[in-house]
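Structural description and commentary
These are the residues of each chain, in order.
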Amino acid sequence: MASDVTSGARLIDGVALARELRAEVAADVAALHERGVTPGLTVVLVGDDAASAVYVGAKEKASREAGMAGDTIRLPASTTQNALLALVETLNGDPSVHGILVQMPLPAHIDPDAVITHIRPEKDVDGFHPVNVGKLLIGHTDGFAPCTPSGVQHMLARYGVETRGADCVVVGRSTIVGKPMAALMMQSGSGADSTVTVCHSRTRDLASHTRRADILIVAAGRARMITAGMVKPGAVVIDVGMNRIADASTRSGTRLAGDVDFDAVRKVASLITPVPGGVGPMTIAMLLRNTVRAAQRTLDA
Ligand code: NDP
C-alpha cells in the first residue's frame, strides 16, 4: 500500500484505495454483464447548486467508467415535491434502474425525508432510507450503509487497523456521517467491535475524549479543529471534513482543508488521511459498490 513515512504518520492513500475498489466493482459489473444485467445508477439533481452539479457529474462519470449505466436526471429548482415523488415512483418501478440517488440539498420547498422514504429501500444506494438505517443499527448486512462511513471502515480494514476492542471516537453526529459511522464501528464482527464514543457540539471537554481514541474519526465541518494536543500518540486519524478556507497562494484564493490540523497531527498519529485525497475519493467508490450489490440482489432474489 502506498505510504509516506518521512515525517510521522503513514498516509492513507484514499485515491489509490478508491482506484482499487473501482477496479473490483468493474470486475463485478463485467460478471453481471455476462448474466445479462447492466447495473444502473440514476442520479436526480434538482436545481442548479454548483457544488451538487460537480458531485453529480463525478458520480455519472465514475459509474460509466465502471461499465454501469449512469444516468443523471436534471430538474429545475421550481420542480414540485409531487413531481419529484412521481419521478421516484417511476424509477422505483424501472427494472433497469438498480440504484436511485436524489442529490441533497433539495430546494427549500421539498421535504428531503419525504423523498428519501419514497425511494424503495432495495434501490436506496445512499443508505438513507429508514429501513436501511434500521438494518445498519441492528447489524443486518442485507441493507445499504451510507457511502462515506462505509468508505472509512473499508480504509481501516485495507490498512490493517485493529478495530476490535479499540477506543473509537467519532466527532460529529450527522445522519450521513457521524451516526452511521458509530453504528458501523460498534457492530460485532470483523472491521468493527470497537468501543465507540460519539462527540458533538454539546460535548464537554472534547479533548478529553479525543485523547483516549485509538481510532479518531472527525466529521464536524470545522477546519483544523483537531490539534496535535487532542490526539493520542500512535492513534489512527481519519479526517472526513471538507472545508474551503482562504489561501492567497492559490489561483482561486481558497483551498480545501480537513477538520484535522494535518501538519501538526501527522507528527503524533501513526496513520492519517490527507484532505484532499483521503476519505473523499472513497465515497463515490462505495456508491458504485452499493449499486452493484443492488443489481446482484435482483438476480439472487
Ligand atoms: P453536519 O454539519 O451535518 O454535522 C456536523 C457535526 O459536527 C454535528 O453533529 C455537530 O454537532 C458536530 N460539531 C460541529 N462543531 C463541533 C465542535 N466544535 N465540536 C464537536 N462537534 C462539533 O456535517 P456532515 O456530517 O454532513 O459533514 C461533516 C464534514 O464532513 C463536512 O466538512 C463535510 O463537508 C464533510 N463530508 C465529507 C464527505 C466526503 O466524502 N469526504 C461526505 C460528507 C461530508 P451538533 O449535532 O451538536 O450540531
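The shown structure was predicted, so the numbers you read here are calculated from the model rather than taken from an experiment. (Residues numbered from 1 in each chain as written. Predicted model: local features only at pLDDT ≥ 70, side-chain atom pairs only at ≥ 80, totals over all residues. Heavy atoms only, no water.)

Remarks on the packing of aromatic side chains
Cut-off, in case you're wondering: Here a pair means two rings of Phe, Tyr or Trp (six-membered ring of Trp) with centres within 6.5 Å. Their orientation is stacked below 30 degrees between planes, edge-to-face above 60, and tilted elsewhere. Geometrically, a lysine NZ or arginine CZ counts as sitting over a ring once it is within 6 Å of the ring centre and also within 35 degrees of the ring normal.
Scanning the entire structure with this criterion turns up 0 aromatic pairs. The lysine or arginine in question, Arg297, covers the ring of Phe144, its NZ or CZ lying 4.7 Å from the ring centre.

With respect to the environment of Met230
Threshold: Runs of H or I in DSSP of at least four residues are treated as helices and runs of E of at least two as strands, each being numbered from the N terminus. For the exposure calls, accessible area comes from a 1.4 Å probe over protein chains only, and a residue counts as buried if that area is under 20% of its type's maximum, exposed if over 50%, partly exposed in between.
By the secondary structure assignment, Met230 is in the loop between strand E7 (215-218) and strand E8 (236-239). Overall, Met230 belongs to the buried group, its relative accessible area being 11%. Counting along the chain gives 22 residues from Met230 to Ser208, while the straight-line C-alpha distance between them is 7.6 Å.

Let's talk about the site of the ligand
Definition in use: What makes a residue near a molecule or strand is one non-hydrogen atom of that residue sitting within 4 Å of it. Any pair of nitrogen or oxygen atoms within 3.5 Å is treated as a polar contact; in protein, a donor-acceptor pairing is required on top of that, and neighbouring residues in sequence qualify only through side-chain atoms on both sides. Note on areas: these come from Shrake-Rupley sampling with a 1.4 Å probe, and a residue is covered only by the protein chains present in the view.
Close to the ligand lie 22 residues; Arg173, Ser174, Ser201, Met242 and Thr283 are nearest. For the ligand, an oxygen atom lies 2.5 Å from a polar atom in the side chain of Ser174. With the chains in place, 71% of the 920 Å² that the ligand exposes on its own is no longer accessible.

Overview of the packing of helix H6 (residues 147-158) against helix H7 (residues 178-186)
Selection criterion: What counts as an axis is a line fitted to C-alpha atoms, over the stretch in contact for a helix, and the angles between N-to-C directions run from 0 to 180 degrees. The scheme is simple: roughly parallel for angles under 35 degrees, roughly antiparallel for over 145, roughly perpendicular for 65 to 115, oblique for anything else. By convention, the crossing between two helices is left-handed when the near helix turns anticlockwise from the far helix through less than a right angle, and right-handed when the turn is clockwise. In what follows, residue pairs with any heavy atoms lying within 4.5 Å of each other are defined as contacts. Under the scheme applied, nonpolar residues are Ala, Val, Leu, Ile, Met, Phe, Trp, Tyr, Cys and Pro; charged residues are Asp, Glu, Lys and Arg; polar residues are all the others, including Gly.
In the contact formed by H6 and H7, the axes pass within 9 Å of each other and the chain directions differ by 40°. The angle between H6 and H7 falls in the class oblique. Viewed along their axes, H6 and H7 form a crossing whose handedness is right-handed. In contact with Pro149, Ser150, Val152, Gln153 and Leu156 of H6, H7 contributes Pro180, Met181, Leu184 and Met185. Per-class residue counts for the contact of H6 with H7 are 7 nonpolar, 2 polar and no charged.

Overview of the pairing of strand E6 (residues 195-199)
The condition is simple: Following DSSP output, two strands are said to pair if at least two bridges run between them. Seen with its strands pointing away from the viewer, a crossover is right-handed if its path from the first strand over the helix to the second goes clockwise.
Pairing geometry for strand E5 (residues 167-171) and E6, over 5 bridges, is parallel. Bridge assignment links Cys168 to a residue of E6, and that residue is Val196. In this fold, E5 hands off to H7, which returns the chain to E6; that crossover is right-handed.

Some thoughts on the pairing of strand E4 (residues 99-102)
Burial along E4 is two-sided: Gly99 and Leu101 and Ile100 and Val102, pointing in opposite directions, are all buried. Looking at chain direction, strand E2 (residues 40-46) and E4 are connected through 4 bridges and run parallel. Residue pairing across strands places Val44 opposite Val102, the latter belonging to E4.

A closer look at H7
Burial analysis of H7 places 7 of its 9 residues in the buried class, which makes it a mostly covered element. Turning to H7, its buried residues are Gly178, Pro180, Met181, Ala182, Ala183, Leu184 and Met185. Where H7 is buried, its residues meet helix H5 (130-138), H6, E5, E6 and E7.

Some thoughts on the domain arrangement of the chain
To keep things clear, this is the line we draw: Source of the domain bounds: an automatic or database domain assignment.
Segmenting the chain into domains produces domain 1 (36-120) and domain 2 (146-280). When each unit is reduced to the centre of its C-alpha atoms, the spacing between domain 1 and domain 2 is 29 Å.

Concerning the nonpolar core
Stated precisely, the cut-off is as follows: In plain words, nonpolar cores are sets of buried Ala, Val, Leu, Ile, Met, Phe, Trp, Tyr and Cys residues tied together by side-chain atoms within 4.5 Å.
Residues Met68, Val152, Leu156, Ile215, Ile217 and Ile238 are the most contacted members of the largest nonpolar core, which totals 47 residues. Here this core takes 9 residues from helix H10 (residues 280-300), the largest share from any one element. Apart from residues lying up to four places away in sequence, Ile217 is in contact with Val152, Cys168, Val169, Val170, Val171, Met181, Met185, Ile238 and Val240.

Overview of the packing of helix H2 (residues 50-65) against H10
One can describe the packing of H2 onto H10 by two numbers: an axis separation of 10 Å at closest approach and a directional angle of 55°. On the basis of their axis angle, the class for H2 and H10 is oblique. H2 and H10 meet at a crossing whose hand is right-handed. From H2, Ala58, Lys59, Ala62 and Ser63 reach across to H10, where they touch Ile284, Leu287 and Leu288. Its residues placed into classes, the contact of H2 with H10 shows 5 nonpolar, 1 polar and 1 charged.

A closer look at the sheet that holds E2
Taken in spatial order, the 3 strands of this open sheet run E3-E2-E4, and their pairing is parallel. Edge positions in the sheet fall to strand E3 (69-75) and E4, since each has one partner strand and no second. Strand-to-strand twist in this sheet, taken as the mean axis angle between neighbours without regard to direction, amounts to 15°. The strands touched by H2 are E2, E3 and E4; relative to E3, the strand with the most contacts, the crossing angle is about 155°.

Observations regarding unusual backbone geometry
The omega torsion across Met104 and Pro105 is 0°, close enough to zero to call that bond cis. Mapped onto the elements, Pro105 comes out in the loop between E4 and helix H4 (112-118). The residue after Val275, namely Pro276, is reached through a cis peptide bond having omega 0°. The residue Pro276 is located in the loop between strand E11 (271-272) and H10 in this model. Positive phi values are uncommon outside glycine, yet Asp205 reaches one of about 50°. Within the secondary structure, Asp205 sits in the loop between E6 and helix H8 (206-210). Although it is not a glycine, Arg224 adopts a positive phi angle of roughly 50°.

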